[in-house]
Amino acid sequence: MKKISWVTHPQYDIPLPKNHKFTSSKFSDLYNELKRIRLIDFAEIFIPEKASVSDLIVAHEERYITKIINGSLEGFEERRLGLKWSPELANRSFLAVNGTLLTAMKAIENGIACHIAGGTHHSHYNFGSGYCVFNDLAYTSIQLINKNLVKKILIFDCDVHQGDGTASILEKNDNVFTCSIHCKNNFPARKSISDFDVELEDNLDSAQYLNVLNYTLKECINRFKPDLVLYDAGVDIHINDELGKLKVDDDGLKTRDETVLNYFKTLSIPIATVIGGGYSKNNSELAQRHSSVFKAAKNIFL
């Protein structure tokens, strides 16, 4: 039986205070949900190794990387990151960037691959922000192009928040096209300039959102012909998300993921998925939402 490549690591979870907005167990919660619904039967699991400092400097300042290793962030840097430094956080950050890189390499081989993490798109060249330490999307894009595995990459970011760090790091990189469909009146307050920004008003419902999505997919391909797509399938567009401001329901989320995967499959362009943002006090609900893109991958590729 053909299987879909999944990438994960048992050390992705991090210790955080109980009422933190970021669900520190979301990665193992999602993995357990995918096991519960037997989707894991259709998957082949891969485990990434940690990125080295020399790997990471293609996308990040060495001084900043060293601060993450040593836990020497200043108070304002930790506040901007939104996460308290811990050895587990540092370890996870070096693993997860290579997790997305490995996912992308498996997608190039097989047409599809899914990372049970990733989408840390608020991380900039020399600072972390919005719960994002290192930028896996920018890092993966630069590494793949440097290794001559692909020539052109589309980052298709459907997280409700703008991929500001990704846009900033890749601003002068003509081999990567950054597209961000995000809520205009949401984090970050100061937006970067992506190659294609699609700003959404608050309270958009599923039908309205899907109309924008379909237009954006076509427009991206009209402007840019990628060899690979990195898809940030953030679920914070959901009506019940704590940080979202949109009104996309379960069916809308499901249709979004199926539409994106089907669109690029039809064009025979490999696609690697990352889970992006999602915020809820109910861990099992959040895991169910994040499982959407994995269900879509099975439905469309198997």
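The present account deals with the structure reproduced in this document. (Residues numbered from 1 in each chain as written. Predicted model: local features only at pLDDT ≥ 70, side-chain atom pairs only at ≥ 80, totals over all residues. Heavy atoms only, no water.)

**Notes on the packing of aromatic side chains**
Here is step 1: Taken as a whole and assessed by the stated rule, the structure comprises 12 aromatic pairs.
Here is step 2: In this arrangement the basic side chain of Lys26 is found over the ring face of Tyr279, its NZ or CZ atom lying 5.8 Å from the centre. (Phe/Tyr/Trp six-rings, centres within 6.5 Å; stacked < 30°, edge-to-face > 60°. Lys NZ or Arg CZ within 6 Å of the ring centre and 35° of its normal.)

**A look at the side chain of Ser180**
Here is step 1: In this structure, Ser180 sits in strand S5 (residues 176-183).
Here is step 2: Aside from chain neighbours lying at most four places away, what touches Ser180 is Asp157, His161, Gln162, Gly163, Ser194, Phe196, Asp197 and Val198. (Helix = DSSP H or I, 4+ residues; strand = E, 2+ residues; numbered from the N terminus. Contact = heavy atoms within 4.5 Å.)

**Some points on the environment of Glu242**
Here is step 1: Turning to its location among the elements, Glu242 is positioned in the loop between strand S7 (228-232) and helix H9 (250-266).
Here is step 2: The class of Glu242 is partly exposed, set by a relative accessible area of 33%.
Here is step 3: C-alpha of Glu242 to C-alpha of Lys281: the two residues are 39 residues apart in sequence and 8.3 Å apart in space.
Here is step 4: Contacts of Glu242, omitting those with residues within four sequence positions, involve Lys21, Tyr279, Ser280 and Lys281. (Buried < 20%, exposed > 50% of the residue type's maximum accessible area, 1.4 Å probe, protein only.)

**Side note on the packing of helix H1 (residues 26-36) against helix H10 (residues 283-290)**
Here is step 1: Remark: H1 packs on H10, axes separated minimally by 8 Å, with the N-to-C direction vectors making an angle of 70 degrees. Considered as vectors, H1 and H10 are oriented roughly perpendicular to each other. The way H1 lies across H10 gives a crossing that is right-handed. Note on element contacts: H10 touches H1 through Asn283, Leu286, Ala287, Gln288 and His290, opposite Lys26, Asp29, Leu30, Glu33 and Arg36.
Here is step 2: Across the contact of H1 with H10, the residue classes tally to three nonpolar, three polar and four charged. (Axes fitted to C-alpha atoms, helices over the stretch in contact; angles between N-to-C directions. Parallel < 35°, antiparallel > 145°, perpendicular 65-115°, else oblique. Left-handed = near helix turned anticlockwise from the far one by under 90°. Nonpolar A, V, L, I, M, F, W, Y, C, P; charged D, E, K, R; others polar.)

**Concerning helix H5 (residues 87-110)**
Here is step 1: Its 24 residues place the ends of H5 34 Å apart at the C-alpha level, agreeing with the 34 Å of an ideal helix rising 1.5 Å per residue.
Here is step 2: For H5, a buried count of 17 out of 24 residues is recorded, marking the element as mostly surrounded by other parts of the structure.
Here is step 3: Looking one or two residues beyond H5, the residue adopting positive phi is Gly111, at roughly 95 degrees. (Expected span 1.5 Å × (residues − 1).)

**Quick word on the side chain of Asn98**
Here is step 1: By the element assignment, Asn98 lies in helix H5.
Here is step 2: Within the structure, the side chain of Asn98 is placed 2.7 Å from the side chain of Tyr139, a separation counted as a polar contact.
Here is step 3: Discounting chain neighbours no more than four positions away, the residues touching Asn98 are Pro48, Glu49, Lys50, Ala51 and Tyr139. (Polar contact = N/O pair within 3.5 Å; in protein donor to acceptor, adjacent residues only side chain to side chain.)

**As for the sheet that holds S7**
Here is step 1: Strand order in the open sheet made by the eight strands is S2-S1-S3-S8-S7-S4-S5-S6, with parallel pairing throughout. The sheet is open, and its two borders are formed by strand S2 (43-46) and strand S6 (196-200), each paired with just one other strand. Taking each pair of neighbouring strands and ignoring which way they run, the sheet shows an average axis angle of 15 degrees.
Here is step 2: The sheet contacts of helix H8 (residues 206-223) involve strand S4 (153-157), S5 and S6, and relative to S6 the element is tilted by about 170 degrees. (Pairing = 2+ DSSP bridges.)

**Remarks on the nonpolar core**
Here is step 1: Membership of the largest hydrophobic core comes to 95 residues, with the highest contact counts inside it found for Trp6, Phe156, Tyr209, Tyr231 and Phe294.
Here is step 2: Ranked by the residues each element gives to this core, the list is headed by H5, at nine residues.
Here is step 3: Non-local contacts of Tyr231, meaning those with residues more than four positions away in its chain, are made with Phe156, Cys158, Arg256, Asp257, Val260, Leu261, Ile271, Ala272, Thr273, Val274 and Val293. (Core = buried A, V, L, I, M, F, W, Y, C linked by side-chain atoms within 4.5 Å.)

**Quick word on the pattern of salt bridges**
Here is step 1: Scanning the entire structure with this criterion turns up 12 salt bridges.
Here is step 2: A salt bridge links Arg36 to Glu33, with the shortest nitrogen-to-oxygen separation between them at 3.0 Å. Highlighted residues: Arg36 and Glu33, both in helix H1, separated by three residues, approximately one helical turn.
Here is step 3: Linking Lys67 and Glu77 is a salt bridge whose minimum nitrogen-to-oxygen distance equals 2.9 Å. One end of the pair, Lys67, is in helix H3 (residues 62-70); the other, Glu77, is in helix H4 (residues 75-81), and 10 residues separate them in sequence. (Salt bridge = Lys/Arg side-chain N within 4 Å of Asp/Glu carboxyl O.)

**Some points on the pairing of strand S1 (residues 4-7)**
Here is step 1: Burial of S1 is two-sided: the residues Ile4 and Trp6 facing one way and the residues Ser5 and Val7 facing the other way are all buried.
Here is step 2: Where S1 and S2 come together, four bridges link them in parallel fashion. Among the inter-strand pairings, Ser5 is bridged to a residue of S2, identified as Glu44.
Here is step 3: For the crossover from S1 across H1 to S2, the handedness is right-handed.
Here is step 4: In this structure, S1 lies alongside strand S3 (residues 112-115), joined through three bridges in parallel fashion. Bridge pairing in S3 links Ser5 to Ala113. (Right-handed = clockwise from strand over helix to strand, strands pointing away.)

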